[in-house]
Amino acid sequence: MKRDVKEFKSCLKPSPDVVVSCRGANGEDNALVVAYACNCSYDPPMVMVGIVPSRYSYHMVKETGVFVVNLVAEKNKEAFDYLGSHSGRDENKLEKLSLNYKEGVKVAAPVLLDFPVNIECEVVDSIKTGSHEMFVGKVVYIHADEELIDDEGRIVFSRIK
C-alpha cells in the first residue's frame, strides 16, 4: 500500500555529500555544504551545485565564476558537519577547522586537501530554480588521493570510505 507524501523537499536519495569551496573577489576563502549536487554532462564533463542566494558563499561563486567540489569521506564527517552548520559571515571556517588547502591548478579557489577528491569548475551557466540557484560548472581539473586512482587514471569511487 502507498501513502501520500506530505513533504517534498529532497526525494532523490542518496545524493553525494559534497563541500563547495570558493573565493570571493576580495580574496576571502570559504566553504559550504550543498544539498544539491550532481553530474549534468559527460561531454564535456560538467557538474551542477545548488546554492541558496542568502548563503555567504553564493556571491563569491557569482562574482568569480569558479568553485571546487570536494567529495566527503567518513574521515571528513566532523568538518562536513561544521561547514554545514556555521557561516563564513561569522568566522573563517577553514582556519577554525585547520583545514589544509592549496590554490587550484586551473581556478582561483581553494582545493581542500583533507577531502579525497577535488573537482575544479568554471561556471558556464546557472538557473534559478526557486529556493536555489543551480550553478553549472565545467570540470577543468580533478585532484584525487593516490589510492583512489586505478591503473588507467580513473577514480574508483568504491574506494572512498
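For the structure, check the block above.
Not measured: the values here are computed from a predicted model. (Residues numbered from 1 in each chain as written. Predicted model: local features only at pLDDT ≥ 70, side-chain atom pairs only at ≥ 80, totals over all residues. Heavy atoms only, no water.)

K.L.:
Residues and numbers for the packing of aromatic side chains, please.
P.N.:
What the rule picks out here adds up to one aromatic pair. Ring geometry for Tyr 58 against Phe 135: centres 5.8 Å apart, planes inclined by 55°, an arrangement best described as tilted. Placement of the pair is Tyr 58 in helix H1 (residues 58-64) and Phe 135 in strand E9 (residues 133-144), with a sequence separation of 77 residues. Each member of the pair, Tyr 58 as well as Phe 135, carries the same accessibility label: buried. (Phe/Tyr/Trp six-rings, centres within 6.5 Å; stacked < 30°, edge-to-face > 60°. Helix = DSSP H or I, 4+ residues; strand = E, 2+ residues; numbered from the N terminus. Buried < 20%, exposed > 50% of the residue type's maximum accessible area, 1.4 Å probe, protein only.)

K.L.:
An account of the nonpolar core is needed here, citing residue identities and associated values.
P.N.:
Of all hydrophobic cores here, the largest spans 21 residues; its most connected members are Val 34, Val 49, Ile 51, Phe 67, Val 69 and Phe 135. Broken down by secondary-structure element, the contributors of at least two residues to this core are strand E1 (18-23), strand E2 (29-34), strand E4 (45-51), H1, strand E5 (66-71), strand E8 (117-128) and E9. Residues contacting Phe 67, with those up to four places away along its chain left out, are Val 20, Ser 21, Val 47, Val 49, Val 61, Val 107, Ile 119, Glu 120, Cys 121, Val 123, Phe 135 and Gly 137. Counting 10 residues, the second largest nonpolar core, distinct from the first, contains Leu 94, Leu 99, Leu 112 and Phe 115. (Core = buried A, V, L, I, M, F, W, Y, C linked by side-chain atoms within 4.5 Å. Contact = heavy atoms within 4.5 Å.)

K.L.:
Tell me what's going on with unusual backbone geometry, and back it up with residues and numbers.
P.N.:
Between Asp 43 and the following residue, Pro 44, the backbone shows a cis peptide bond with an omega angle of 0°. Within the secondary structure layout, Pro 44 lies in the loop between strand E3 (37-42) and E4.

K.L.:
Outline the environment of Tyr 141, listing residues and values.
P.N.:
One can find Tyr 141 in strand E9. In the structure, Tyr 141 is positioned 36 residues away from Val 105 in sequence and 7.1 Å away in space, judged by C-alpha atoms. Setting aside anything within four residues of it in sequence, one finds Tyr 141 in contact with Val 105, Lys 106, Asn 118, Ile 119 and Glu 120.

K.L.:
Give a description of the side chain of Arg 23 that names residues and reports values.
P.N.:
Looking at the secondary structure, you find Arg 23 in strand E1. On the basis of relative accessible area, Arg 23 is assigned to the buried category, the value being 14%. Among the polar contacts listed, one links the side chain of Arg 23 to the side chain of Asp 29, at a separation of 2.6 Å. Reaching out from Arg 23, the side chain makes a polar contact with the side chain of Glu 103 at a distance of 2.8 Å. When sequence neighbours within four positions are dropped, the list of residues in contact with Arg 23 reads Glu 28, Asp 29, Met 60, Thr 64, Glu 103, Ala 108, Ala 109 and Pro 110. (Polar contact = N/O pair within 3.5 Å; in protein donor to acceptor, adjacent residues only side chain to side chain.)

K.L.:
Hey, could you go over the side chain of Asn 70 for me, with residue numbers and the actual values?
P.N.:
Along the chain, the position of Asn 70 falls in strand E5. Polar side-chain contacts of Asn 70 include one of 3.3 Å to the backbone oxygen of Val 68. In terms of polar contacts, Asn 70 uses its side chain to reach the side chain of Asn 118, at 2.8 Å. Those residues in contact with Asn 70 that lie beyond four places of it in its chain are Asp 17, Val 18, Val 19, Val 20, Ser 21, Val 111, Leu 112, Phe 115, Val 117 and Asn 118.

K.L.:
Help me get a handle on the pattern of salt bridges, residues and values and all.
P.N.:
This model, assessed by the stated rule, comprises seven salt bridges. Residues Asp 29 and Arg 23 are paired through a salt bridge, measuring 2.6 Å at the closest nitrogen-oxygen approach. Taken as a pair, Asp 29 and Arg 23 share a single burial class, namely buried. We note a salt bridge from Asp 150 to Arg 154, for which the minimum N-O separation is 3.4 Å. The buried category is assigned to Asp 150, whose relative accessible area is 18%. Through salt bridges with shared partners, a single ionic network connects Arg 23, Asp 29 and Glu 103. (Salt bridge = Lys/Arg side-chain N within 4 Å of Asp/Glu carboxyl O.)

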